[in-house]
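Okay, here's what each chain looks like letter by letter:
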Amino acid sequence: MSITVVGSIAYDSVKTPFGSRERMLGGAATHFALAASFFDRVHVVGQVGEDFAERDLAVLATRGTDITDVRRVPGGETFFWAGEYGWDLNTRETLETRLGVFADFRPELSPAARASEVLFLANIQPSLQREVLEQCAPKFVALDSMNLWIETAHEELVEVISKVDCVILNDAELRELTRRPNLIAAARELLALGPTMVVAKQGEYGAALIAGESFFSLPAYPLEQVIDPTGAGDTFAGGLLGYLARHLSRVGEEAIRRQAMAYGTALASFNVEGFGTERMVGLTPGEIHRRVDTLRRASSFDAPALDLTLAS
Ligand code: AMP
């Protein structure tokens, strides 16, 4: 069993109210792999430039992740993203994006990457997401996207959404994509296109899962200090898909989907405790299990019958 992720591998410069870092390892595929590698073997498909450091390749390969599909382009520059967060860590400003070798990225999957049962199409051009899908036949596919593609490649995005099992977007993206202000209505519209699950990421407020007639909402892990939210969404996706990959014959079960949401949430909480990949590299399974259990206790309650008719 294995999981393939196709997406950006980047150098990020990030400023938050708690500090800043220049050119640290980032990218959607990187954050995803560092989380999913706790559950299954991960194949990363991406492209980097000549400037990409060997030590960063080693970080990407943490927990046995296969990096043979990471192509180094001679003379090229690695995708670069710079962003800044204010006191509201749910919103960020992109200061600079330099596509570098990402501009002519045409993903080509090796036989091992094609054979994965689970595929994550991280945030890349929808036409490339479709090309990746045409190269393989995974049992479960999830997709992420962003406002840029919603605005510039709406039709292609809707088409590729109709071919996947799970859509993972943030609230604002779901609303923009469907032009529906109501989150449930927006998710239902996407479910009608073909996917069986829609996950709405809600930053520090958690995430919601809409599947069939069911709805499940989980708060974020109650952290006292968030240092850098960059990559939280992809780390969440790595935990969610990792858990689903380990329970592939049961992904249709509501209980399994809820547990996957809890693992995604717990993993994302570690990612935001440090800059970039700092916290995820040395993370241990015990730390993850403890947070999942805390989340379970924090979000469940009894509902004993209570007579509410006293006034009548
Ligand atoms: P997240 O915070 O989960 O949205 O992921 C942030 C990561 O996405 C950063 O590490 C960036 O390098 C990467 N990123 C930012 N902009 C783009 C883009 N236009 N395409 C692909 N990846 C991006």
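What you see as residue numbers is a count from 1 along each chain, following the sequence as written. Local features in this predicted model are restricted to residues of pLDDT 70 or higher, and side-chain atom pairs are both shown and tallied only at a pLDDT of 80 or more, whereas totals for entire chains, interfaces and linings draw on every residue. Calculated side-chain values reflect all of the structure's heavy atoms, with hydrogen atoms and water omitted.

Draft legend 1. Representation of the sheet that holds strand β7 (residues 92–98). Spatial strand order, β3-β2-β6-β7: four strands in an open sheet with mixed pairing. What marks the edges here is a single partner per strand, and that holds for β3 (19–26) and β7. For this sheet, the mean angle separating the axes of adjacent strands, direction not counted, is 15 degrees. Both strand β6 (residues 79–85) and β7 contribute to a ladder of six bridges, which runs antiparallel. Its bridge partner lying in β7, Ala82 is registered against Glu96. Whether two strands pair comes down to DSSP finding at least two bridges between them. A run of DSSP states H or I qualifies as a helix once it reaches four residues; a run of E qualifies as a strand once it reaches two. Both are numbered from the N-terminal end. The axes are straight lines fitted to the C-alpha atoms, using for helices just the contacting stretch, and the angles between their N-to-C directions are given from 0 to 180°.

Draft legend 2. Inspection of helix α7 (residues 171–178) at higher detail. Residues of α7 that are buried: Asp171, Glu173, Leu174, Leu177 and Thr178. Looking straight down α7, one finds its buried side chains confined to an arc of 165 degrees; they lie on one side. Contacts made by the buried residues of α7 are with α5 (147–152), α6 (154–161), β10 (166–170), α8 (183–191) and β11 (197–201). The definition of a polar contact used here is a pair of N or O atoms within 3.5 Å, where within protein one atom must be able to donate a hydrogen and the other to accept one, and adjacent residues in sequence count solely through side-chain atom pairs. Capping of α7 at its N-terminal end is provided by Asn170; its side-chain oxygen lies 3.2 Å from the backbone amide nitrogen of Ala172. Three exposure classes are used, based on accessible area relative to the maximum for each residue type with a 1.4 Å probe and protein chains only: buried under 20%, partly exposed in between, and exposed over 50%. The directions from the helix axis to the C-beta atoms form the arc being described. Working rule for contacts: check all heavy atoms of both residues, and any pair within 4.5 Å makes them a contact.

Draft legend 3. Main features of the packing of aromatic side chains. Note on aromatic pairs: the rings of Phe, Tyr and Trp (six-membered ring only in Trp) are paired at centre separations within 6.5 Å, and the planes decide the class, stacked below 30 degrees, edge-to-face beyond 60, tilted for the rest. The full count for this structure, using the stated rule, is seven aromatic pairs. Cluster of aromatic residues (ring-pair linked, three or more members): Phe39, Tyr243 and Tyr263. Remark: a charge is flagged as sitting over a ring if the NZ atom of Lys or the CZ atom of Arg is within 6 Å of the ring centre and within 35 degrees of the ring normal. The ring of Tyr221 has Arg291 sitting right over it, with the charged end atom 4.6 Å from the ring centre.

Draft legend 4. Representation of the pairing of strand β1 (residues 2–6). Here β1 lies mainly inside the structure; five of its five residues are buried. In terms of strand pairing, β1 meets strand β4 (residues 41–49) through five bridges, oriented parallel. Bridge assignment links Val6 to a residue of β4, and that residue is Val45. Pairing analysis gives four bridges linking β1 to strand β8 (residues 118–121), with the strands arranged parallel. Following the sheet pairing, Ile3 is matched in β8 by Val118.

Draft legend 5. Representation of the pattern of salt bridges within the structure. Each salt bridge in this description consists of a side-chain nitrogen of Lys or Arg and a carboxyl oxygen of Asp or Glu lying within 4 Å of one another. As enumerated under the stated definition, the model contains 20 salt bridges in all. A salt bridge links Glu96 to Arg98; the shortest N-O distance between them is 2.7 Å. For Arg98, a relative accessible area of 31% gives the class partly exposed. Between Glu287 and Arg279 there is a salt bridge, with the nearest N and O atoms lying 3.0 Å from each other. A residue is classified by how much of its surface remains accessible, and Arg279, at 24% relative accessible area, is partly exposed. Several salt bridges share partner residues, and in doing so they unite Arg130, Glu134, Glu159 and Lys163 into one network.

Draft legend 6. Geometry of the packing of α7 against α8. Where α7 contacts α8, the two axes come as close as 9 Å, and the packing angle between them is 65 degrees. In terms of crossing hand, the pair formed by α7 and α8 is left-handed. Counting all contacts with α7, which are made through Asp171, Leu174, Arg175, Leu177 and Thr178, the residues of α8 involved are Leu183, Ala186, Glu189 and Leu190. Nonpolar residues are Ala, Val, Leu, Ile, Met, Phe, Trp, Tyr, Cys and Pro. Charged residues are Asp, Glu, Lys and Arg, and all others, Gly as well, are polar. Its residues placed into classes, the contact of α7 with α8 shows five nonpolar, one polar and three charged. A crossing counts as left-handed when the near helix is turned anticlockwise from the far one by less than a right angle, and as right-handed when that turn is clockwise.

Draft legend 7. Spatial organisation of helix α9 (residues 232–246). Given a rise of 1.5 Å per residue, 15 residues ought to cover 21 Å, and the 21 Å separating the end C-alpha atoms of α9 matches this to within 8%. Most of α9 is tucked away, with 13 of its 15 residues classed as buried. To estimate the expected span of a helix, count its residues, drop one, and scale the result by 1.5 Å.

Draft legend 8. Region of interest: the environment of Arg279. Assignment of secondary structure puts Arg279 in helix α11 (residues 278–281). In this structure, the C-alpha to C-alpha distance between Arg279 and Ala82, residues 197 residues apart in sequence, is 20 Å. Polar contacts involving the side chain of Arg279 include one to the side chain of Glu287, which spans 3.0 Å.

Draft legend 9. Representation of the site of the ligand within the structure. The criterion for a residue being near a molecule or strand is simple. One of its heavy atoms has to lie within 4 Å of it. Lining the immediate surroundings of the ligand are 17 residues, of which Ser8, Asp12, Gly27, Arg92 and Gly231 lie closest. Ser8 places a side-chain nitrogen or oxygen 2.9 Å from a nitrogen atom of the ligand. In this structure, Arg92 approaches the ligand through a side-chain N or O atom, which is 2.9 Å from an oxygen atom. Under the convention used here, a 1.4 Å probe and the Shrake-Rupley method define accessible areas, while residue burial counts only the protein chains that appear. Summarising the interface, the protein chains cover 87% of the accessible area of the ligand, which totals 510 Å² for the free molecule. Of all the secondary structure elements, the ones that give two or more residues to the shell around the ligand are β2 (10–16), β6 and α9.

Draft legend 10. The arrangement of the nonpolar core in detail. What is meant by a nonpolar core is a set of buried Ala, Val, Leu, Ile, Met, Phe, Trp, Tyr and Cys residues, joined one to another through side-chain atoms within 4.5 Å. Membership of the largest hydrophobic core comes to 63 residues, with the highest contact counts inside it found for Val199 and Leu240. Among the elements that take part in this core, helix α10 (residues 254–271) stands out by supplying nine residues, more than any other. Apart from residues lying up to four places away in sequence, Leu240 is in contact with Cys166, Ile168, Val199, Ala260, Met261 and Gly264. By size, the runner-up hydrophobic cluster in this structure holds 41 residues, among which are Phe105, Leu119, Ile161 and Phe275.

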